[in-house]
Amino acid sequence: MALIAFRTEYQITVEPLKNRLCYKVFSEMQDAAALPHYLADWAAALDALQPGFTILTDVSSFGQSNPSLLPLYVATQQLITARRVAMVAEIYRLGSPSHDSNERISQRSGMPVRTFVDSWEADKFLDKW
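Residues numbered from 1 in each chain as written. Predicted model: local features only at pLDDT ≥ 70, side-chain atom pairs only at ≥ 80, totals over all residues. Heavy atoms only, no water.

(A) Just the pattern of salt bridges, in detail. Counted under the stated rule, the structure contains eight salt bridges. With a shortest N-O distance of 3.7 Å, D123 and K18 are connected by a salt bridge. In this pair, D123 is assigned in helix α4 (residues 119-127) and K18 in the loop between β2 (10-15) and β3 (20-25), connecting sequence segments 105 residues apart. Owing to a relative accessible area of 18%, D123 belongs among the buried residues under this scheme. Classification of K18 by relative accessible area gives partly exposed; the value is 35%. In this structure, the salt-bridge partner of D127 is R20, at a minimum N-O distance of 3.1 Å. Placement of D127 in helix α4 and of R20 in strand β3 is noted, with a sequence separation of 107 residues between them. (Salt bridge = Lys/Arg side-chain N within 4 Å of Asp/Glu carboxyl O. Helix = DSSP H or I, 4+ residues; strand = E, 2+ residues; numbered from the N terminus. Buried < 20%, exposed > 50% of the residue type's maximum accessible area, 1.4 Å probe, protein only.)

The structure is reproduced here in structure tokens:
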């Protein structure tokens, strides 16, 4: 596994053998007003993968995001879909307030997403892709 970015708000790693990107959001993301390296970090991670890659996203420690960051999230999902993602597995905690807003963004971008509450199940699901 190769570390691409380790920021206060998030971490991005890639597993080239699985053609997988792993994205972990930390609780500090809730207070973020700006993420100056976010899109560049995602682009660097995607450059290490082949089309048909998968993404394991862990947002289980995350609540709500700053609404001003929405255009950044939309741009990131557009970049991901343009690079031909096969599937995304998102891990939420039960009753997460961010689930519905993230689902709306994914639907708009056309990104294939399946949600989970268990990281092991999410990882095994992606192994089938």
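Moving on from the model shown.
(B) Structural detail: the nonpolar core. With 27 residues, the main nonpolar core has L21, Y23, M29, L35 and Y38 as its most contacted residues. Breaking this core down by element, the ones donating at least two residues are β2, β3, α1 (38-47) and α2 (70-82). It is α1 that provides the largest number of residues to this core, a total of four residues. Discounting chain neighbours no more than four positions away, the residues touching L21 are I12, T13, V14, W42, A45, L46, L49, T54, I55 and L56. In terms of nonpolar packing, the next biggest core, distinct from the first, is built from nine residues, A89, I91, F125 and L126 among them. (Core = buried A, V, L, I, M, F, W, Y, C linked by side-chain atoms within 4.5 Å. Contact = heavy atoms within 4.5 Å.)

(C) Seen up close, the packing of aromatic side chains. Counting across every chain of the model gives nine aromatic pairs. Considering the side-chain rings of Y23 and Y38, the 6.2 Å spacing of their centres and the 70° angle between planes classify their relative orientation as edge-to-face. Highlighted residues: Y23 in strand β3 and Y38 in helix α1, separated in sequence by 15 residues. Summarising the burial analysis for this pair, Y23 and Y38 share the class buried. Between the aromatic rings of F116 and F125, the centroid separation amounts to 5.3 Å while the plane-to-plane angle is 50°, which identifies the pairing as tilted. Residue F116 is classed as buried on the basis of its relative accessible area of 9%. Members of the aromatic cluster, each reached through a chain of ring pairs, are Y10, Y23, Y38, W42 and Y73. (Phe/Tyr/Trp six-rings, centres within 6.5 Å; stacked < 30°, edge-to-face > 60°.)

(D) Up close: the environment of N19. Counting through the fold element by element, N19 comes out in the loop between β2 and β3. N19 gets classed as buried once you look at its relative accessible area, which sits at 16%. Taking the C-alpha atoms as reference points, N19 and T54, 35 residues apart in sequence, are found 6.5 Å from one another. Beyond its immediate chain neighbours, meaning those up to four positions away, N19 contacts L49, Q50, P51, G52, F53 and T54.

(E) Molecular detail of the pairing of β3. The element β3 is extensively covered by neighbouring structure, given that five of its six residues are classed as buried. With six bridges connecting them, β2 and β3 associate as antiparallel partners. If you follow Q11 over to β3, its bridge partner there is K24. In this antiparallel pair of consecutive strands, β2 and β3, the connection spans four residues, and N19 shows a positive phi of 55°. Direction of pairing for β3 relative to strand β4 (residues 54-58): parallel, over a ladder of five bridges. Within β4, the position partnered with K24 by the bridge is D58. (Pairing = 2+ DSSP bridges.)

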